Amino acid sequence: MIKIISIIISLFFMCIPLYAGIISSPHDMTGGEGKAYTPDSTMVCTFCHIPHGGASAIALWYKDKGEEKFSILAWNKEEGLSSRILMCLSCHDGMIGTDIDIVSEGLEGYIKDHPVNKPFQTGKAGLEKSVIIEEKGVLRDGKVECGSCHNPHSPENKSFLSKPLNEVCITCHSKITSGRHIMGSFGLGDDHPVENKTNPLRPEEKMSCASCHNPHISNLLPVRKNEICNLCHNRIDTRP
Amino acid sequence: MKSFHYISAFLIVSVFLSLSLSINLSAQEIKKIIWPEPPSEPKIRYEGSLKELFGKKVSSILDKPYGIAIDDKGRLYVTSRQKVLSFDLKNRKYTVISGKEMRYPIGIALSSDGRLFVSDAGSSRILIYSKDGLLTGFIQKGLKRPGGIAIDEQLGRIYIADTKDHMIKIYSLHNYELLKTIGERGIGEKGLFNFPTNITLDKEGNLYVVDTGNFRIQIFNKEGKYLKAFGRIGDTPGSFARPKGIALDSEGNIYVVDSLFQNVQVFDHNERFLFFWGKGGLGPGYFGLPSGIAVDSNDRIYVVDQLGDIQLFQYLKDSKK
């Protein structure tokens, strides 16, 4: 009994910093009031961490009593999208929260191109060796998931990223900083700026990996590969 | 009305599918899938899915579908990423309505004269199409992120759940002017909303609102007056975790889809819990991210799964009634 009480108390104190981060952030579904509606709770946590309980209604169409409890996202992980991903997608459905591009292949589904829920492929796009990535703790069950880049409890970084934007990318794509990428400038002169300089297309933002890449669309580039440069360097006319 | 001058870039692709069906279950086996299980009297029967009818490839066409409406001929209209799909189940054909004007269509409703109303959460407006897919107009004024739509033909009204504005907005079905609004943001207070997502109307014109962020269903009369509410947060039957689609059958039973329970709960017209079916997984009666629901005039139930399928069920009416 004492053990249970001590677990509950430690969980409570562990949750306080997470809870504090959510209040008034876009993930505060109470609109900054800090209270999710339930007769027994005044926490914002319950929107994702659905509390147990509630008086179980008797199913009038059942001869026997029927089930007394529902499982939340009961899912066979090996078959498809994990319950962690589905939890995010349950609000990020295009209506409650911003839409996330999913490829609809049912349970075999994955999120477009950035290989969420796909087996991890090493060696591509300046990726670090999978062993090293595994050690960095970004993979969930050996796969990339929402939580590999995002931390829903941490609003201090843009888009609830777990770290500043460029750091998130470089965690896995670490070889990009030295390899044959525009950031490495092919060994000719200076690197392309990816921080500190203002993004000419969005003057309110600094340059970052996301200035050229969108991790949530297929092929990750907003336009064709040869056109991306022209978005900013538009003085160069490439037309024949 | 200047918005009507927009030239729509629309595209209708009629696709005739080869009938290379990937039916794993025979028709007889399918008919045996019922809920609740014996000895209880069966109430819901599985009738198949779009994957079974059109083949597995339908998943790549059904790109994150959400809302569904059925016309009087039994044709399905489904919102999907940047397009609306119209399925003819009998002839196993489908057409696509799409265009640059459409971003994230969510809610969908049909008027009896054949107008198709599509709420586009991405461009914050309602797109109005003719039945053959021609864009004929918009409702734009005062909308933030419109979701569920319902049409009251008798009163000549379009009801729209504005999810981000936490409000129900009522527009004229004739001139598309904003007539009135119901509610505002509120956490738990009667008649107020926190992310209202889907709506439906009963035969008397009462409005049922899925108040997703307050974990309940609220019911209003046609004057917009709050009548009652049911449901609460929790993980027990009759509670809600992520309630989304709502529909009523011919007897006034209320069907509520829950994305986190991955099931459909059924309540009677007095909001008493009747039963539920569905759980997370693959196959008949299993769901991934269920969202929209519709019930047609023959009490056939259509449940949309955002992971790319639509399942069909039949409500089995009590023969004694």
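Residues numbered from 1 in each chain as written. Chains lettered and ligands numbered in written order. Predicted model: local features only at pLDDT ≥ 70, side-chain atom pairs only at ≥ 80, totals over all residues.

(A) Looking closely at the overall build of chain B. Helix and strand counts for chain B come out as 3 helices and 28 strands. The 321 residues of chain B split such that 50% are buried. Taking the intrachain contacts of chain B between residues at least 6 apart in sequence as the baseline, contacts between residues at least 24 apart amount to 44%. (Helix = DSSP H or I, 4+ residues; strand = E, 2+ residues; numbered from the N terminus. Buried ≥ 20, exposed ≤ 12 C-beta atoms within 10 Å, placed from the backbone. Contact = placed C-beta atoms within 7 Å.)

(B) Geometry of the overall build of chain A. Looking only at helices and strands, chain A features 6 helices and 4 strands. Across chain A, helices and strands are ordered from the amino to the carboxyl terminus as α-α-β-β-α-α-α-β-β-α. Taking all 240 residues of chain A together, the buried fraction comes to 23%. When contacts within chain A are restricted to residue pairs at least 6 apart in sequence, long-range pairs at least 24 apart make up 41% of them.

(C) Spotlight on the pairing of strand β15 (residues 178-182) of chain B. All names here are of chain B. In the sheet, strand β14 (residues 167-172) pairs with β15 via 4 bridges, with the strands oriented antiparallel. If you follow I170 over to β15, its bridge partner there is K180. The hairpin formed by β14 and β15 contains 5 residues between the paired strands, and Y176 there has a positive phi angle of roughly 65°. (Pairing = 2+ DSSP bridges.)

(D) Layout of the interface of chain B and chain A. On the side of chain A, 46 residues touch chain B, which itself brings 56 residues to the contact. Where the side of chain B that touches chain A is concerned, the elements lending two or more residues are α3 (58-61), β23 (273-277) and β24 (279-280) of chain B. Across the side of chain B that touches chain A, the residue classes tally to 21 nonpolar, 24 polar and 11 charged. (Nonpolar A, V, L, I, M, F, W, Y, C, P; charged D, E, K, R; others polar.)

(E) Here's a closer look at the nonpolar core. Formed by 112 residues in total, the largest nonpolar core has its most connected members in I68, V78, I246, I293 and Y302 of chain B. In terms of residue count, helix α2 (residues 83-91) of chain A provides more of this core than any other element does, 6 residues in total. Once residues lying within four places of it in the same chain are set aside, the contact partners of I68 of chain B are L76, Y77, V78, I108, G292, A294, Y302, V304 and I310 of chain B. Counting 7 residues, the second largest nonpolar core, distinct from the first, contains C149, V168, C169 and C209 of chain A. (Core = buried A, V, L, I, M, F, W, Y, C linked by C-beta atoms within 7 Å.)

(F) Up close: unusual backbone geometry. Cis peptide bonds are those with omega within 30 degrees of zero, and the linkage from W35 of chain B to P36 of chain B qualifies with -15°. Position of P36 of chain B among the secondary structure elements: in the loop between β2 (34-35) and β3 (44-49). The omega angle of the peptide bond from P38 of chain B to P39 of chain B is 10°, so this bond is cis rather than trans. By secondary structure assignment, the location of P39 of chain B is in the loop between β2 and β3. Even without being glycine, S159 of chain A reaches a positive phi, approximately 55°. Tracing the chain through its elements places S159 of chain A in the loop between α4 (146-149) and α5 (165-172). What makes S159 of chain A partly exposed here is the crowd of 14 C-beta atoms within 10 Å.

(G) How the structure looks around α2 of chain A. For α2 of chain A, a buried count of 7 out of 9 residues is recorded, marking the element as mostly surrounded by other parts of the structure. Along α2 of chain A, the residues classified as buried are I85, L86, M87, C88, L89, S90 and C91 of chain A.

(H) Highlighting α5 of chain A. Residue and element names in this part refer to chain A. Along α5, the residues classified as buried are L165, V168, C169 and C172. Buried residues of α5 fall within an arc of 90° about the axis and therefore sit on the same side. Buried residues along α5 sit in contact with α3 (130-135), α4 and α6 (209-212). (Arc of directions from axis to C-beta.)

(I) Summary view of the sheet that holds strand β18 (residues 216-220) of chain B. Residue and element names in this part refer to chain B. Pairing is antiparallel across the open sheet formed by 4 strands, whose spatial order is β16-β17-β18-β19. Both edges of this open sheet fall to β16 (196-201) and β19 (226-230), since each of them pairs with a single strand only. Here the average twist between neighbouring strands, direction ignored, is 20°. Pairing geometry for β16 and strand β17 (residues 207-211), over 4 bridges, is antiparallel. The partner of L201 across the bridge, within β17, is L207. (Axes fitted to C-alpha atoms, helices over the stretch in contact; angles between N-to-C directions.)

(J) Representation of the sheet that holds β14 of chain B. Residues and elements named next belong to chain B. The strand order β12-β13-β14-β15 describes an open sheet built from 4 strands, whose pairing is antiparallel. Among the strands making up the open sheet, the edge pair consists of β12 (146-152) and β15. The average angle at which neighbouring strand axes cross in this sheet is 20°, direction not considered. Sheet analysis places β12 next to strand β13 (residues 157-162), joined by 5 bridges and oriented antiparallel. From the neighbouring strand, D152 faces β13, where its bridge partner is R157.

(K) A look at the pairing of β3 of chain B. All names here are of chain B. As defined by bridge partners, β2 adjoins β3 across 2 bridges and the pair is classed as antiparallel. Across the sheet, residue I34 finds its bridge partner in β3, namely R45. With 5 bridges joining them, β3 and strand β28 (residues 309-315) adopt antiparallel strand pairing. Opposite I44, over in β28, you have Y315 as the bridge partner.

(L) Representation of the confidence of the model for chain B. All names here are of chain B. Of all residues in chain B, 89% have pLDDT values of 70 or greater, and the mean over the chain is 89. Here residues 1-23 scores under 50 on pLDDT; set against residues more than four positions off or in separate chains, the count is 37 contacts. Across the assembled chains, the prediction reports ipTM 0.87 with pTM 0.87. (pLDDT = per-residue confidence, 0-100.)

(M) Focus on the environment of I70 of chain B. All names here are of chain B. Among the secondary structure elements, I70 is positioned in strand β4 (residues 68-70). Between the alpha carbons of I70 and I97 there is a distance of 16 Å; along the sequence they are 27 residues apart. Each residue touching I70, except ones within four places of it in the same chain, is listed here: L76, A294, D296 and Y302.

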